[in-house]
Amino acid sequence: TGEALLGLATIWWHDRQPLAAAALLQAAALHFARARDREREGCALALVVRARLAAGDRRGAGRARTRLAARTRTVRSPRQRQLRAAAEAAWARANGDRAGARRALEAAAVESERLAARILDEQWRASFWGEWGWPHRALAALELEHAHYAAALEALERGRGRALLGAEIH
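Residues numbered from 1 in each chain as written. Predicted model: local features only at pLDDT ≥ 70, side-chain atom pairs only at ≥ 80, totals over all residues. Heavy atoms only, no water.

Asks: Whenever I open this one, the nonpolar core confuses me. Can you help?
Replies: Grouped burial of nonpolar side chains is what soluble globular proteins tend to show. Grouped together as the largest cluster of nonpolar side chains are 25 residues, with contacts concentrated most on Leu-6, Leu-25, Val-49 and Leu-68. Secondary structure elements with two or more residues in this core: helix H1 (2-14), helix H2 (18-34), helix H3 (38-54), helix H4 (58-71) and helix H5 (78-94). Top contributing element to this core by residue count: H3, with nine residues. When residues no more than four places from it in sequence are discounted, the contact partners of Leu-25 are Leu-6, Ala-9, Trp-13, Ala-44, Leu-47, Val-48 and Ala-51. Counting residues in hydrophobic clusters, the runner-up holds 15 residues, among them Ala-92, Leu-105, Trp-134 and Leu-139. (Core = buried A, V, L, I, M, F, W, Y, C linked by side-chain atoms within 4.5 Å. Buried < 20%, exposed > 50% of the residue type's maximum accessible area, 1.4 Å probe, protein only. Helix = DSSP H or I, 4+ residues; strand = E, 2+ residues; numbered from the N terminus. Contact = heavy atoms within 4.5 Å.)

Now the structure itself:
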């Protein structure tokens, strides 16, 4: 059920309805909590933070961020670290903390590279699950916003081509 809710949330988020996605992600997190799947619960909560921020709900994002911090103390999967870093980057950007956003995006990029390195099949790397370039794109966008062109190119280079595959820059 939790995985199905995540899939539905993805559709709503891509349709530019982040508040609807946040509600579905929160429901998924509750299902994962009931199943005692702390890793997936933490991943869903990290996505709730980003969805609520995208919807302009800073209070809701703050509450989700607090729950995320409590849930991720014991489970430390690479996927969860990547998603938590993405949530922290979104939080920092929403609060105008460019340095904090950069640190969090760099951490997300490192985790993205670790995850991609664990997958041997090139076809799978290029699939939905292997869209590893988003932290590199987001870091490049942050650098471009402040006219740091060399740093933006370096972020894309670290993505080794993966950063150019996605359609959006967050």
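Next comes the rest of the description.
Asks: Please clarify how the packing of H4 against H5 should be interpreted in this entry.
Replies: When two helices pack together, their arrangement is captured by the angle between the axes and the distance separating the axes. One way to put it is that H4 packs onto H5 with a least axis distance of 11 Å and a crossing angle of 145°. H5 is crossed by H4, and the crossing has left-handed handedness. Contact with H4, carried on its side by Arg-58, Ala-61, Gly-62, Arg-65, Leu-68 and Ala-69, involves Arg-84, Ala-87, Glu-88, Trp-91 and Ala-94 of H5 and no other residues of that element. (Axes fitted to C-alpha atoms, helices over the stretch in contact; angles between N-to-C directions. Left-handed = near helix turned anticlockwise from the far one by under 90°.)

Asks: Please explain the pattern of salt bridges as it appears in this structure.
Replies: Under the criterion given, the structure shown has 10 salt bridges. Here Asp-57 makes a salt bridge to Arg-52, at a shortest N to O gap of 3.0 Å. Among the charged side chains, a salt-bridge network with shared partners connects Arg-38, Glu-41 and Arg-71. (Salt bridge = Lys/Arg side-chain N within 4 Å of Asp/Glu carboxyl O.)

Asks: Would you mind showing me how to read the environment of Ala-155 here?
Replies: In this structure, Ala-155 sits in helix H9 (residues 149-158). As for Ala-155 and Ala-140, which are separated by 15 residues in sequence, their C-alpha atoms are 5.5 Å apart. Filtering out sequence-adjacent residues up to four positions away, Ala-155 remains in contact with His-136, Leu-139 and Ala-140.

Asks: Even after reading the chapter, I still don't get the environment of Arg-114, so can you show me in this structure?
Replies: Locating Arg-114 in the fold gives a position in helix H6 (residues 98-118). For Arg-114 and Gln-82, which are 32 residues apart along the polypeptide, the C-alpha to C-alpha distance reads 9.7 Å.

Asks: Teacher, can you tell me more about H3 here?
Replies: What sets the pattern is the α-helix's 3.6 residues per turn: residues three or four places apart point alike. Its 17 residues give H3 an end-to-end C-alpha distance of 24 Å, which sits within 8% of 24 Å, the value for a rise of 1.5 Å per residue. Positive backbone phi, at 85°, marks Gly-56, one or two positions downstream of H3. (Expected span 1.5 Å × (residues − 1).)

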